[in-house]
Amino acid sequence: MPAASDPAETYSYLGPAGTFTEAALKQVEAAAGKAWRPVNNVGEALDDVTSGRSTAAMIAIENSIEGGVSATQDALATIPDLRIVGEYLVPVNFVLVARPGTALADVKVVNAHPVAYAQTHRWLERELPSHGHIPATSNVAAAASLLDGSTADAAVAPPGITDHHDLTVLAEGIGDNPNAVTRFVLVSRTTALPEPTGADKTSIIAELPDDTAGRLLEMLEQFATRGVNMSLLESRPIGDALGRYRFVIDLDGHILDERVADALLGLKRFSPNVVFLGSYPRADKQAITVTNRYSNESFVEARDWLRGLIAGEPSAH
Ligand SMILES: O=C(O)C(=O)Cc1ccccc1
(Lines give C-alpha, C1' and ligand atoms only; values in the text may rest on other atoms or scores of the structure.)
Protein backbone atom coordinates (compact mmCIF):
# COMPACT_ATOMS: atom_id res chain seq x y z
CA MET A 1 0.00 0.00 0.00
CA PRO A 2 1.34 3.48 -0.83
CA ALA A 3 2.63 5.49 2.12
CA ALA A 4 0.38 8.09 3.73
CA SER A 5 0.99 11.64 2.48
CA ASP A 6 -1.12 14.83 2.10
CA PRO A 7 -4.45 14.15 3.90
CA ALA A 8 -6.21 16.24 1.25
CA GLU A 9 -5.15 13.53 -1.21
CA THR A 10 -6.57 10.55 0.63
CA TYR A 11 -8.50 7.67 -0.94
CA SER A 12 -10.95 5.68 1.20
CA TYR A 13 -11.71 2.05 0.44
CA LEU A 14 -13.26 -0.98 2.12
CA GLY A 15 -10.38 -2.56 3.96
CA PRO A 16 -8.26 -4.05 5.24
CA ALA A 17 -5.58 -4.46 2.56
CA GLY A 18 -6.27 -7.37 0.22
CA THR A 19 -9.97 -6.71 -0.48
CA PHE A 20 -11.37 -6.61 -4.00
CA THR A 21 -12.07 -2.91 -3.32
CA GLU A 22 -8.34 -2.38 -2.79
CA ALA A 23 -7.71 -4.19 -6.11
CA ALA A 24 -10.08 -1.69 -7.77
CA LEU A 25 -8.26 1.27 -6.18
CA LYS A 26 -4.94 -0.09 -7.47
CA GLN A 27 -6.30 0.55 -10.98
CA VAL A 28 -6.59 4.31 -10.30
CA GLU A 29 -3.44 6.02 -11.60
CA ALA A 30 -4.11 9.24 -9.67
CA ALA A 31 -4.23 7.31 -6.37
CA ALA A 32 -0.73 5.85 -6.72
CA GLY A 33 1.59 7.24 -4.05
CA LYS A 34 -1.29 8.93 -2.18
CA ALA A 35 -2.68 8.11 1.27
CA TRP A 36 -5.13 5.20 1.32
CA ARG A 37 -7.61 4.92 4.17
CA PRO A 38 -9.18 1.51 4.88
CA VAL A 39 -12.74 1.78 6.26
CA ASN A 40 -15.40 -0.68 7.42
CA ASN A 41 -18.35 0.06 5.15
CA VAL A 42 -19.71 2.14 2.27
CA GLY A 43 -21.28 4.72 4.61
CA GLU A 44 -17.93 5.40 6.25
CA ALA A 45 -16.20 5.70 2.86
CA LEU A 46 -18.75 8.23 1.58
CA ASP A 47 -18.71 10.11 4.86
CA ASP A 48 -14.95 10.56 4.42
CA VAL A 49 -15.67 12.21 1.06
CA THR A 50 -18.53 14.48 2.19
CA SER A 51 -16.60 15.61 5.28
CA GLY A 52 -13.50 16.37 3.18
CA ARG A 53 -11.40 13.78 5.05
CA SER A 54 -10.76 12.02 1.74
CA THR A 55 -10.50 13.15 -1.86
CA ALA A 56 -12.42 10.15 -3.15
CA ALA A 57 -13.78 6.75 -2.15
CA MET A 58 -13.81 3.46 -4.02
CA ILE A 59 -17.08 1.58 -3.52
CA ALA A 60 -18.66 -1.57 -5.00
CA ILE A 61 -21.80 -0.65 -6.93
CA GLU A 62 -22.84 -3.71 -8.93
CA ASN A 63 -21.87 -7.30 -9.48
CA SER A 64 -22.56 -9.61 -12.36
CA ILE A 65 -24.50 -12.11 -10.24
CA GLU A 66 -26.39 -10.21 -7.57
CA GLY A 67 -26.95 -6.95 -9.48
CA GLY A 68 -26.78 -3.60 -7.71
CA VAL A 69 -25.24 -3.27 -4.25
CA SER A 70 -28.25 -1.80 -2.47
CA ALA A 71 -26.31 -0.07 0.34
CA THR A 72 -24.32 1.81 -2.31
CA GLN A 73 -27.32 2.70 -4.46
CA ASP A 74 -29.29 3.97 -1.47
CA ALA A 75 -26.36 6.02 -0.17
CA LEU A 76 -25.76 7.63 -3.57
CA ALA A 77 -29.49 8.42 -3.89
CA THR A 78 -29.64 10.28 -0.61
CA ILE A 79 -26.23 11.88 0.06
CA PRO A 80 -26.00 15.18 -1.89
CA ASP A 81 -23.06 16.50 -3.90
CA LEU A 82 -21.36 13.21 -4.73
CA ARG A 83 -20.07 12.44 -8.21
CA ILE A 84 -18.91 9.20 -9.79
CA VAL A 85 -15.67 10.01 -11.62
CA GLY A 86 -14.64 6.56 -12.83
CA GLU A 87 -15.60 2.89 -12.93
CA TYR A 88 -13.35 -0.14 -12.49
CA LEU A 89 -14.01 -3.86 -13.00
CA VAL A 90 -12.54 -6.58 -10.81
CA PRO A 91 -13.00 -10.30 -11.52
CA VAL A 92 -14.04 -11.92 -8.25
CA ASN A 93 -13.53 -15.46 -7.14
CA PHE A 94 -13.34 -16.92 -3.69
CA VAL A 95 -11.62 -19.51 -1.54
CA LEU A 96 -12.80 -21.05 1.73
CA VAL A 97 -10.17 -20.64 4.44
CA ALA A 98 -9.84 -21.87 8.03
CA ARG A 99 -7.38 -21.94 10.92
CA PRO A 100 -4.61 -24.46 10.24
CA GLY A 101 -5.70 -27.95 11.33
CA THR A 102 -9.38 -27.46 10.44
CA ALA A 103 -10.93 -29.93 7.96
CA LEU A 104 -13.89 -29.13 5.73
CA ALA A 105 -16.01 -31.62 7.73
CA ASP A 106 -15.37 -29.54 10.91
CA VAL A 107 -16.91 -26.37 9.46
CA LYS A 108 -20.21 -25.43 11.06
CA VAL A 109 -20.16 -21.63 10.86
CA VAL A 110 -18.88 -19.54 7.94
CA ASN A 111 -17.92 -15.88 8.17
CA ALA A 112 -18.45 -13.96 4.92
CA HIS A 113 -19.22 -10.50 3.58
CA PRO A 114 -22.93 -10.59 2.53
CA VAL A 115 -22.11 -9.95 -1.14
CA ALA A 116 -19.47 -12.70 -1.11
CA TYR A 117 -21.90 -15.03 0.67
CA ALA A 118 -24.53 -14.38 -2.00
CA GLN A 119 -21.99 -15.34 -4.66
CA THR A 120 -20.91 -18.60 -2.98
CA HIS A 121 -24.13 -19.85 -1.38
CA ARG A 122 -24.75 -22.60 -3.96
CA TRP A 123 -21.34 -24.13 -3.23
CA LEU A 124 -21.79 -23.67 0.53
CA GLU A 125 -25.27 -25.20 0.49
CA ARG A 126 -24.02 -28.19 -1.50
CA GLU A 127 -20.81 -28.87 0.46
CA LEU A 128 -21.87 -27.62 3.91
CA PRO A 129 -25.68 -28.04 3.90
CA SER A 130 -26.23 -27.16 7.55
CA HIS A 131 -23.70 -24.34 7.96
CA GLY A 132 -24.53 -21.08 9.71
CA HIS A 133 -23.44 -17.67 8.36
CA ILE A 134 -21.93 -14.76 10.27
CA PRO A 135 -21.77 -11.57 8.18
CA ALA A 136 -18.43 -9.74 7.97
CA THR A 137 -17.59 -6.14 7.04
CA SER A 138 -15.31 -7.27 4.20
CA ASN A 139 -13.83 -10.40 2.62
CA VAL A 140 -10.47 -9.85 4.27
CA ALA A 141 -12.02 -8.97 7.65
CA ALA A 142 -13.90 -12.29 7.47
CA ALA A 143 -10.64 -14.21 7.11
CA ALA A 144 -8.63 -12.09 9.57
CA SER A 145 -11.25 -12.57 12.30
CA LEU A 146 -10.57 -16.35 12.29
CA LEU A 147 -7.21 -15.59 13.90
CA ASP A 148 -8.74 -13.01 16.21
CA GLY A 149 -11.29 -14.80 18.39
CA SER A 150 -14.06 -15.35 15.80
CA THR A 151 -16.57 -18.07 16.66
CA ALA A 152 -16.71 -18.98 12.95
CA ASP A 153 -14.83 -22.06 11.70
CA ALA A 154 -14.13 -20.83 8.17
CA ALA A 155 -14.33 -17.71 6.00
CA VAL A 156 -15.04 -16.85 2.38
CA ALA A 157 -12.09 -14.77 1.15
CA PRO A 158 -10.23 -13.54 -1.95
CA PRO A 159 -7.69 -16.03 -3.39
CA GLY A 160 -4.68 -13.90 -2.31
CA ILE A 161 -5.67 -14.08 1.36
CA THR A 162 -2.87 -16.50 2.34
CA ASP A 163 -0.32 -13.77 1.40
CA HIS A 164 -1.72 -11.76 4.30
CA HIS A 165 -2.74 -14.39 6.88
CA ASP A 166 -1.58 -17.78 8.09
CA LEU A 167 -4.70 -19.70 7.07
CA THR A 168 -5.40 -23.03 5.36
CA VAL A 169 -7.29 -23.10 2.07
CA LEU A 170 -10.07 -25.71 2.39
CA ALA A 171 -11.45 -25.18 -1.12
CA GLU A 172 -10.69 -22.99 -4.13
CA GLY A 173 -12.95 -21.54 -6.79
CA ILE A 174 -16.09 -21.68 -4.64
CA GLY A 175 -17.81 -18.80 -6.47
CA ASP A 176 -21.08 -19.89 -8.07
CA ASN A 177 -20.00 -18.26 -11.32
CA PRO A 178 -16.31 -18.41 -12.29
CA ASN A 179 -16.75 -15.35 -14.55
CA ALA A 180 -18.21 -13.11 -11.82
CA VAL A 181 -17.13 -9.48 -12.06
CA THR A 182 -17.75 -6.65 -9.61
CA ARG A 183 -18.08 -3.07 -10.81
CA PHE A 184 -16.60 -0.44 -8.53
CA VAL A 185 -16.95 3.33 -8.79
CA LEU A 186 -14.66 6.08 -7.60
CA VAL A 187 -16.79 8.74 -5.91
CA SER A 188 -15.68 12.27 -5.27
CA ARG A 189 -17.28 15.53 -4.10
CA THR A 190 -18.99 17.53 -6.85
CA THR A 191 -16.15 18.25 -9.18
CA ALA A 192 -15.33 19.02 -12.81
CA LEU A 193 -16.83 16.52 -15.25
CA PRO A 194 -14.48 13.94 -16.74
CA GLU A 195 -13.98 14.74 -20.47
CA PRO A 196 -16.16 12.79 -22.92
CA THR A 197 -14.19 9.93 -24.51
CA GLY A 198 -16.80 8.45 -26.87
CA ALA A 199 -16.97 5.44 -24.53
CA ASP A 200 -18.77 6.90 -21.54
CA LYS A 201 -21.52 6.12 -19.10
CA THR A 202 -23.95 8.41 -17.28
CA SER A 203 -25.49 7.35 -13.95
CA ILE A 204 -28.70 8.87 -12.62
CA ILE A 205 -31.39 8.12 -10.07
CA ALA A 206 -34.96 9.29 -10.75
CA GLU A 207 -38.42 9.08 -9.22
CA LEU A 208 -41.77 8.86 -11.02
CA PRO A 209 -44.14 11.84 -10.65
CA ASP A 210 -47.11 9.76 -9.45
CA ASP A 211 -48.56 6.28 -9.28
CA THR A 212 -50.63 6.17 -12.46
CA ALA A 213 -50.52 3.71 -15.35
CA GLY A 214 -47.70 4.06 -17.82
CA ARG A 215 -45.44 6.39 -15.79
CA LEU A 216 -42.42 4.09 -15.96
CA LEU A 217 -42.90 3.67 -19.71
CA GLU A 218 -43.11 7.46 -20.04
CA MET A 219 -39.83 7.83 -18.18
CA LEU A 220 -38.09 5.26 -20.37
CA GLU A 221 -39.43 6.97 -23.49
CA GLN A 222 -37.23 9.96 -22.62
CA PHE A 223 -34.23 7.77 -23.44
CA ALA A 224 -35.76 5.74 -26.28
CA THR A 225 -36.81 8.80 -28.27
CA ARG A 226 -33.24 10.18 -28.13
CA GLY A 227 -31.55 6.89 -29.06
CA VAL A 228 -30.00 6.56 -25.60
CA ASN A 229 -29.37 2.96 -24.54
CA MET A 230 -29.56 1.87 -20.89
CA SER A 231 -27.03 -0.53 -19.40
CA LEU A 232 -28.66 -0.71 -15.97
CA LEU A 233 -32.18 -0.21 -14.65
CA GLU A 234 -33.01 -1.15 -11.09
CA SER A 235 -35.69 -0.10 -8.65
CA ARG A 236 -34.99 0.61 -4.99
CA PRO A 237 -37.66 1.34 -2.38
CA ILE A 238 -37.71 5.05 -1.45
CA GLY A 239 -38.48 3.84 2.06
CA ASP A 240 -41.32 6.14 3.10
CA ALA A 241 -44.18 3.80 2.09
CA LEU A 242 -44.75 0.41 0.49
CA GLY A 243 -44.79 0.50 -3.29
CA ARG A 244 -42.77 3.72 -3.70
CA TYR A 245 -39.60 3.27 -5.74
CA ARG A 246 -36.74 5.23 -7.19
CA PHE A 247 -34.97 4.01 -10.33
CA VAL A 248 -31.23 3.62 -10.65
CA ILE A 249 -30.27 4.06 -14.31
CA ASP A 250 -27.03 3.86 -16.29
CA LEU A 251 -27.09 5.37 -19.75
CA ASP A 252 -24.67 4.85 -22.62
CA GLY A 253 -23.03 8.22 -23.31
CA HIS A 254 -21.87 11.43 -21.64
CA ILE A 255 -23.93 14.40 -20.45
CA LEU A 256 -21.99 16.46 -23.04
CA ASP A 257 -23.38 14.18 -25.79
CA GLU A 258 -26.36 16.06 -27.28
CA ARG A 259 -28.70 13.05 -27.15
CA VAL A 260 -27.94 12.37 -23.46
CA ALA A 261 -28.31 16.06 -22.55
CA ASP A 262 -31.65 16.21 -24.41
CA ALA A 263 -32.87 13.02 -22.68
CA LEU A 264 -31.91 14.50 -19.29
CA LEU A 265 -33.86 17.68 -20.08
CA GLY A 266 -36.89 15.51 -20.87
CA LEU A 267 -36.36 13.51 -17.68
CA LYS A 268 -36.04 16.67 -15.56
CA ARG A 269 -39.35 18.01 -16.90
CA PHE A 270 -41.00 14.68 -16.11
CA SER A 271 -39.50 13.55 -12.80
CA PRO A 272 -39.90 15.39 -9.47
CA ASN A 273 -36.47 14.20 -8.34
CA VAL A 274 -33.49 13.48 -10.57
CA VAL A 275 -30.06 12.87 -9.05
CA PHE A 276 -27.19 13.18 -11.53
CA LEU A 277 -24.42 10.87 -10.29
CA GLY A 278 -21.94 11.60 -13.06
CA SER A 279 -20.65 10.95 -16.56
CA TYR A 280 -17.39 9.01 -16.69
CA PRO A 281 -15.37 6.73 -19.01
CA ARG A 282 -16.57 3.14 -19.26
CA ALA A 283 -14.25 0.57 -17.74
CA ASP A 284 -14.59 -1.68 -20.81
CA LYS A 285 -13.72 1.25 -23.14
CA GLN A 286 -16.45 0.09 -25.56
CA ALA A 287 -17.21 3.02 -27.88
CA ILE A 288 -20.90 3.96 -28.06
CA THR A 289 -22.26 4.00 -31.60
CA VAL A 290 -25.51 5.70 -32.58
CA THR A 291 -27.31 6.07 -35.87
CA ASN A 292 -26.90 9.44 -37.60
CA ARG A 293 -30.30 10.62 -36.36
CA TYR A 294 -28.95 10.72 -32.79
CA SER A 295 -25.48 12.14 -33.51
CA ASN A 296 -24.36 15.48 -32.04
CA GLU A 297 -24.49 17.00 -35.55
CA SER A 298 -28.15 16.00 -35.98
CA PHE A 299 -29.14 17.71 -32.75
CA VAL A 300 -27.16 20.86 -33.61
CA GLU A 301 -28.64 20.95 -37.11
CA ALA A 302 -32.18 20.60 -35.78
CA ARG A 303 -31.59 23.39 -33.27
CA ASP A 304 -30.14 25.66 -35.94
CA TRP A 305 -33.17 24.94 -38.09
CA LEU A 306 -35.48 25.96 -35.24
CA ARG A 307 -33.49 29.13 -34.57
CA GLY A 308 -33.70 29.92 -38.28
CA LEU A 309 -37.47 29.54 -38.26
CA ILE A 310 -37.73 31.87 -35.29
CA ALA A 311 -35.47 34.35 -37.08
CA GLY A 312 -37.76 34.25 -40.12
CA GLU A 313 -35.70 32.02 -42.42
CA PRO A 314 -37.55 29.73 -44.85
CA SER A 315 -38.51 26.40 -43.23
CA ALA A 316 -36.73 24.31 -45.88
CA HIS A 317 -33.31 25.67 -44.74
O1 LIG B 1 -13.90 -5.56 -1.45
C2 LIG B 1 -14.09 -6.63 -0.87
O3 LIG B 1 -13.26 -7.56 -0.86
C4 LIG B 1 -15.37 -6.84 -0.12
O5 LIG B 1 -15.39 -7.43 0.91
C6 LIG B 1 -16.64 -6.36 -0.78
C7 LIG B 1 -16.96 -7.27 -1.91
C8 LIG B 1 -17.61 -8.47 -1.68
C9 LIG B 1 -17.85 -9.33 -2.74
C10 LIG B 1 -17.48 -8.99 -4.01
C11 LIG B 1 -16.83 -7.78 -4.24
C12 LIG B 1 -16.58 -6.91 -3.17
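What counts as what
- Residues numbered from 1 in each chain as written.
- Predicted model: local features only at pLDDT ≥ 70, side-chain atom pairs only at ≥ 80, totals over all residues.
- Heavy atoms only, no water.
- Axes fitted to C-alpha atoms, helices over the stretch in contact; angles between N-to-C directions.
- Helix = DSSP H or I, 4+ residues; strand = E, 2+ residues; numbered from the N terminus.
- Parallel < 35°, antiparallel > 145°, perpendicular 65-115°, else oblique.
- Contact = heavy atoms within 4.5 Å.
- Nonpolar A, V, L, I, M, F, W, Y, C, P; charged D, E, K, R; others polar.
- Domains from an automatic or database assignment.
- UniProt positions renumbered as here; feature names shortened; annotations may be inferred.
- Patch = residues over 30% accessible without salt bridge, like charges linked within 9 Å, V, L, I, M, F, W, Y side chains within 5 Å.
- Areas by Shrake-Rupley, 256 points an atom, 1.4 Å probe, with all protein chains shown as cover.
- Salt bridge = Lys/Arg side-chain N within 4 Å of Asp/Glu carboxyl O.

Novice: Can you help me understand the packing of helix α7 (residues 215–224) against helix α8 (residues 258–270) in this one?
Specialist: What describes two packed helices is the angle between their axes and the distance between those same axes. Look at α7 against α8: their axes get within 7 Å of each other, and the N-to-C directions meet at 155°. By the angle between their directions, the pair α7 and α8 is classed as roughly antiparallel. Residue-level inspection shows Arg215, Glu218, Met219, Gln222 and Phe223 of α7 in contact with α8, the latter providing Ala263, Gly266, Leu267 and Phe270. In terms of residue class, the contact of α7 with α8 is built from five nonpolar, two polar and two charged.

Novice: Looking at this structure, how should I read the domain arrangement of the chain?
Specialist: One frequently used descriptor of interface size is the decrease in accessible area upon assembly of the parts. Here the domain parsing of the chain yields domain 1 (7–91 + 181–191), domain 2 (95–171) and domain 3 (193–317). Look at where the C-alpha atoms of domain 2 and domain 3 centre, and you get two points 43 Å apart.

Novice: What exactly am I supposed to notice about the UniProt feature "domain: Prephenate dehydratase" (unreviewed entry) in the chain here?
Specialist: Here the UniProt-annotated "domain: Prephenate dehydratase" (unreviewed entry) positions come out as residues 10–189. Overall, residues 10–189 shows 28% helix and 33% strand. The separation of its end C-alpha atoms is 13 Å.

Novice: Which parts of the structure should I look at to understand a nonpolar patch on the surface?
Specialist: Residues Trp305, Leu306, Leu309 and Ile310 make up a contiguous nonpolar surface patch of about 400 Å² in total accessible area. Within the element layout of this structure, Leu309 appears in helix α9 (residues 296–310).

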